[in-house]
Amino acid sequence: MASSHSSSPVPQSNSSDAFFKKEMDATKRFRPVQSLPDVCPKEPTGDPNNLCDSPSLVVDQHRWTIYHSKVNLPAALNDPRSPRNILHYTNRKSLRERRFMKDARIFVLLKIPSTGLYYTPMINPGQIWNKYLSTAGGKGNRDAASSKLLQEKLSHYLDIVEVNIAHQISLRSEAFFHAMTSQHELQDYLRKTSQAVKLLREKISKIDKVMCEGSLRVLRLSLTRNNCIKAYNKLKLMATVHQTQPTVQLLLSTSEFVGALDLIATTQEVLQQELQGIHSFRHLGSQLCELEKLIDKMMIAEFSTYARNDLNRPLEDDCQILEEERLVSLVFGLLKQRKLNFYEIYGDEMIITAKNIIKQCVVNTVSQIEEIDTEVVVKLADQMRMMNFPQWFDLLKNIFSKFTIFLKRIKATLNTIRSVVFLVLDKNQKTRDLEDTLQKNSAKDSTVDTEVAYLTHEGMFISDAFSEGDLPPVAADTTSQRNTSPNSEPCSSDSVSEPECTTDSSSSKEQTSSSVTPGGVEMMISDDMKLTDLELVRLANSIQELLYNASDICHDRSVKFLMARAKDGFLEKLNSNEFVALSRLMEDFILDTEQICGRKSMSLRGALQSQANRFVNRFHEERKTKLSLLLDNERWKQAEVPAEFQDLVDSVSDGRISLPEKKPAATEERKPAEFLIVEGQKYATVGTVLLLIRIILEYCQCVDNIPSITTDMLTRLSDLLKYFNSRSCQLVLGAGALQVVGLKTITTKNLALSSRCLQLIVHYIPIIRAHFEARLQPKQFSMLRHFDHITKDYHDHIAEISAKLVAIMDSLFDKLLSKYEVKAPVPSACFRNICKQMAKMHEAIYDLLPEEQTQMLFLRINASYKLHLKRQLAHLNVVNDGGPLNGLVTSDVAFYTGNLQALKGLNNLDLNMAEIWEQKR
């Protein structure tokens, strides 16, 4: 043994110290196993660092329970509260392996032979000894000596280990004994410390019972009560949410779509904010979404039904809105769901209703006419064409009146819809202003509420204090009362929690405001209508455009009705009175629709213009043909003027261009006058001109009745006046009446009468011009130049007639004076004949032309006479020398002058007969 010990290499202190130091360093990397916390709160726990913290509300919540126990490896590895168990397990396993490797190295250092009984990892010493016994017994105990030898070897190895241990202890004996001494001192210090801690804990326990336990119990009870109230309110909220679907069904049964949608939106918000994660409500959100889609379809169907009922109700004078509250509710619901094209449904119903209005009016009218057999004539269009003008006119009047009421109803309904849109638009503007104001105020009011600070000072946790601040004001006040008055009587949970269970104030941020529609219906506008101002303005414009479309629809249907009747040329065959009545009816309807809808519709106006153009063409052709026939049969003799024409002229003189009403036949008949009196002047006319004046007034009155044909009538009237001028010129100046009428000759009386007729027409041209000018647009004033051209043509024609009269006498003077001889007797036959012809001329024209025109005409004739006489005297070499020839000529001239001035109206005529003599040079 000694030799064994002496021969065995003993590790040096340096190496052994290094070995143990490495082992210590390795163990430091692992967390020491903590002792289990003491279950009893009054006994110290195993961790001395925690003694100063007991009892503590924070530490006590980490006390050891049955759930901290680890009975096997899977339990330790699967503990959810220890996420690093696997890492701890692998570290501890590697530590054991290093320890076993150290034991193996010690065997090598001690030179112990290998027996295959090394202490391997995960095998305890008992297993090694059992392995040894099984190895020894496995040989059947045949060699007991070998067993004894093995026992001796093991004893020898034990001795070697003991010798080495003793050697190592001897090397560290001083440190060992110092550690033992320190251990006794440490035990004494720990015992005193334990006694002091025990005494301290007893004192703290007494302080806890006397001072803290009651207050903490009050706080715990207060928090428990608040939690119970919150739980109760949450349950009440769940019960309320549970009743959402039956409530929605009840609202839908009364068509309260807005209320149903608001309830769904509020419930969805509550589910997302306050009841999120509730298992029983996991499918309620999707169910509410499907219900919301169903409400969308129901609202669209309900709006279609409303539009159909509103437009198809009996068309009476009552233009009230049908169920305005229902309409406003539907519009709010559709806006809330962003169904912005709902007005198209109303537009489709308008088209269908407009068709049905015309159809129903035709059916009702046909059923009252006995002459129309509906069994034989099946089609409504054919039945309508069988009506005469009065029947068809009454039908059209009925249709227009129905359309007028129809448009008024549409306007009232659409105005209500637009008012709802504008209310939402106004609400959006107010909401933005309010948000801006609140944002400015929030920058100023950034301090914490004093209520929260007070609750924190009373001992509640800060998180709880802030959660209390989220409660409604009533609940917060109640909580503060309970904290300040703990001895007061507690209120019932129902009364406390009643204000807190309202979802509108606690969970939903939706606010509502009251607004009143133009019809007096008060509605609550919610803030969740997330429609932009641009969308609302576009919708309002579309609704206004729908009103314009309604006017266009009525006009289009009226045009089709009009064209259906005009297929057989019915409208073209109307006389002027009937067409004027039709035109007035259509114009009145057009003006009514423009006043209702605020915009002009051109379809009916265009159809009226087209029919008016056809009427104007027929009207003009009839009167032009009539005038042509009158001129072709006119004998150009002065006609008597019936009293009705005089009345017609008198009405024009009063400034009214209109045809006078026919007087009853029972009135006393007035005799026709010889002349037509116009503004105090006498006009001798022919029958054609009298009728022409009436025709001109018919043109003017037609313009008054149908303003849309003013330009066409002006052109046609200009053409008519030009035709009369040219045709009368052909017949009188051109002597066409000789062949057309069979006149033997065109007399001076015919010429003078023609001139006077032209003068009468010229007198009325300025009046006609003014009449048309008042009815033309400023840009159309250029058309008035036609009257200027016509006036010039008429004046030229009148001048040509005057020239023709002068030419007649000029040819007579040339014929008579060319044979004149200066000789006795005096007066000569030539001058007698000239005076006779002058007297005839005067007799023919004096009663036809005004005195001034007669004088001017005879002055021109006298000038022609003097020219021919002067030429003849020059040819006869008779000069003003006072001789016998000069005396004879002077006598003849005196005879001529006396006879001419003796004519009526020519006595003051300055003849200036001295011009017949050649002036001496």
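What counts as what
Residues numbered from 1 in each chain as written. Predicted model: local features only at pLDDT ≥ 70, side-chain atom pairs only at ≥ 80, totals over all residues. Heavy atoms only, no water. Helix = DSSP H or I, 4+ residues; strand = E, 2+ residues; numbered from the N terminus. Buried < 20%, exposed > 50% of the residue type's maximum accessible area, 1.4 Å probe, protein only. Contact = heavy atoms within 4.5 Å. Areas by Shrake-Rupley, 256 points an atom, 1.4 Å probe, with all protein chains shown as cover. Lys, Arg positive; Asp, Glu negative; His and termini not counted. Salt bridge = Lys/Arg side-chain N within 4 Å of Asp/Glu carboxyl O. Phe/Tyr/Trp six-rings, centres within 6.5 Å; stacked < 30°, edge-to-face > 60°. Core = buried A, V, L, I, M, F, W, Y, C linked by side-chain atoms within 4.5 Å. Patch = residues over 30% accessible without salt bridge, like charges linked within 9 Å, V, L, I, M, F, W, Y side chains within 5 Å. Charge placed at Lys NZ, Arg CZ, Asp CG, Glu CD. pLDDT = per-residue confidence, 0-100. Axes fitted to C-alpha atoms, helices over the stretch in contact; angles between N-to-C directions. Parallel < 35°, antiparallel > 145°, perpendicular 65-115°, else oblique. Left-handed = near helix turned anticlockwise from the far one by under 90°. Nonpolar A, V, L, I, M, F, W, Y, C, P; charged D, E, K, R; others polar. Expected span 1.5 Å × (residues − 1).

Trainee: Break down the overall build of the chain for me, citing the residues and quoting the values.
Mentor: Helices and strands together make up the secondary structure of the chain, namely 31 helices and four strands. Evaluated residue by residue, the chain yields a buried proportion of 38% over its 921 residues. Taking all contacts inside the chain whose residues are at least 6 apart in sequence as the whole, residues at least 24 apart take part in 78%. Working note: accessible area of the chain is about 53,600 Å², and carbon and sulfur atoms make up 55% of it.

Trainee: Let's hear about the side chain of Asp-892: which residues, and what values?
Mentor: Within the fold, Asp-892 resides in helix 31 (residues 884–901). Despite its burial, Asp-892 pairs with no opposite charge; the closest candidate is Arg-832, at 7.6 Å N-O. Those residues within four positions of Asp-892 in sequence are excluded, and the remaining contacts are Tyr-820, Val-826, Pro-827, Ser-828 and Phe-831.

Trainee: Which residues make up the packing of aromatic side chains, and what are the values?
Mentor: The full count for this structure, using the stated rule, is 15 aromatic pairs. Ring geometry for Phe-303 and Tyr-346: centres 6.5 Å apart, planes at 45°, overall tilted. Remark: Tyr-346 occurs in helix 12 (residues 343–367) and Phe-303 occurs in helix 10 (residues 284–312); sequence separation between them is 43 residues. Relative to Phe-406, the ring of Phe-403 lies with its centre 6.5 Å away and its plane at 50°, an arrangement referred to as tilted. Taken together, the positions of Phe-403 and Phe-406, both in helix 14 (residues 389–444) and three residues apart, correspond to about one turn of that helix. Phe-406 carries the same exposure label as Phe-403, and that label is buried. Feature note: the residues Phe-813, Tyr-820, Phe-831, Tyr-865 and Tyr-896 constitute an aromatic cluster, connected by ring pairs.

Trainee: Go over the nonpolar core with me, naming the residues and quoting the values.
Mentor: Ile-295, Trp-392, Phe-772, Phe-858 and Tyr-865 are the most contacted members of the largest nonpolar core, which has 196 residues in total. Sequence-distant contacts of Trp-392, defined by excluding residues within four places in its chain, comprise Met-384, Met-387, Phe-561, Leu-562, Arg-565, Phe-570, Leu-571 and Leu-582.

Trainee: Quick one: what's the story with a negative patch on the surface, residue by residue and with numbers?
Mentor: Taken together, Glu-640, Glu-674, Glu-843 and Asp-847 make up a surface patch of like negative charges. Take Glu-640: it is sitting in the loop between helix 22 (602–632) and helix 23 (643–653).

Trainee: Give me the lowdown on the confidence of the model for the chain, citing residues and values where you can.
Mentor: Per-residue pLDDT for the chain averages 76, and the proportion of residues at 70 or more is 73%. Contacts from residues 1–54, a stretch scored under 50 in pLDDT, to residues over four places away or in other chains number 61 contacts. Confidence drops under a pLDDT of 50 for residues 115–123, and excluding neighbours within four residues, the segment shows 17 contacts in the predicted structure.

Trainee: Explain the environment of Leu-271 residue by residue, including any values.
Mentor: Mapped onto the elements, Leu-271 comes out in helix 9 (residues 257–273). Overall, the relative accessible area of 10% leaves Leu-271 in the buried class. In this structure, the C-alpha to C-alpha distance between Leu-271 and Leu-284, residues 13 residues apart in sequence, is 8.5 Å. Residues within four places of Leu-271 in sequence aside, it is in contact with Val-241, Gln-276, Phe-281, Leu-284, Gly-285 and Leu-288.

Trainee: Give a detailed account of unusual backbone geometry, specifying residues and quantitative values.
Mentor: Looking along the chain, the bond that leaves Ala-824 and enters Pro-825 is cis, with omega of 5°. Tracing the sequence through the fold places Pro-825 in the loop between helix 28 (785–817) and helix 29 (829–845). Non-glycine residue Trp-636 carries a positive phi angle of around 60°. Here Trp-636 is to be found in the loop between helix 22 and helix 23.

Trainee: Please give an account of the packing of helix 28 against helix 29 that cites residues and values.
Mentor: Viewed as axis vectors pointing N to C, helix 28 and helix 29 meet at an angle of 165°, and their least axial separation amounts to 10 Å. Classified by the interaxial angle, the pair formed by helix 28 and helix 29 is roughly antiparallel. Seen along the crossing, helix 28 lies across helix 29 with a hand that is right-handed. From helix 28, Leu-805, Met-809, Leu-812, Phe-813, Leu-816 and Leu-817 reach across to helix 29, where they touch Cys-830, Phe-831, Asn-833, Ile-834, Gln-837, Met-838 and Met-841. Looking at the contact of helix 28 with helix 29 residue by residue, the classes come out as 11 nonpolar, two polar and no charged.

Trainee: Residue-level account of helix 23, with values.
Mentor: Owing to its 3.6 residues per turn, the α-helix aligns residues three or four sequence positions apart on the same side. By the burial criterion, the buried members of helix 23 are Ala-643, Phe-645, Gln-646, Leu-648, Val-649, Ser-651 and Val-652. Tucked inside the fold, the buried residues of helix 23 contact strand 3 (676–678), helix 24 (687–705) and helix 27 (748–773).

Trainee: How would you summarise a nonpolar patch on the surface if you had to cite specific residues and measurements?
Mentor: Taken together, the side chains of Phe-176, Phe-177 and Met-180 present a nonpolar region at the surface, about 320 Å² in accessible area. Tracing the backbone shows Met-180 in helix 7 (residues 173–242).

Trainee: Describe helix 25 (residues 710–733), naming the residues involved and giving the relevant values.
Mentor: Compared with an ideal rise of 1.5 Å per residue, which puts 24 residues at 34 Å, helix 25 spans 33 Å between its outermost C-alpha atoms and is within 8% of the ideal. Within two residues after helix 25, Ala-735 carries a phi angle of roughly 60°, on the positive side.

Trainee: Explain the environment of Ser-864 to me, using residue names and the numbers behind them.
Mentor: Looking at where Ser-864 falls in the secondary structure, it is placed in helix 30 (residues 851–876). Sequence-wise, Ser-864 and Phe-813 are 51 residues apart; in three dimensions their C-alpha atoms are separated by 7.7 Å.

Trainee: Go over the pattern of salt bridges with me, naming the residues and quoting the values.
Mentor: Taken as a whole and judged by the stated rule, the model has 19 salt bridges. The partner of Glu-821 in a salt bridge is Lys-823, with the nearest N and O atoms 3.2 Å apart. Several salt bridges share partner residues, and in doing so they unite Arg-618, Glu-622, Arg-623, Arg-694 and Glu-698 into one network.

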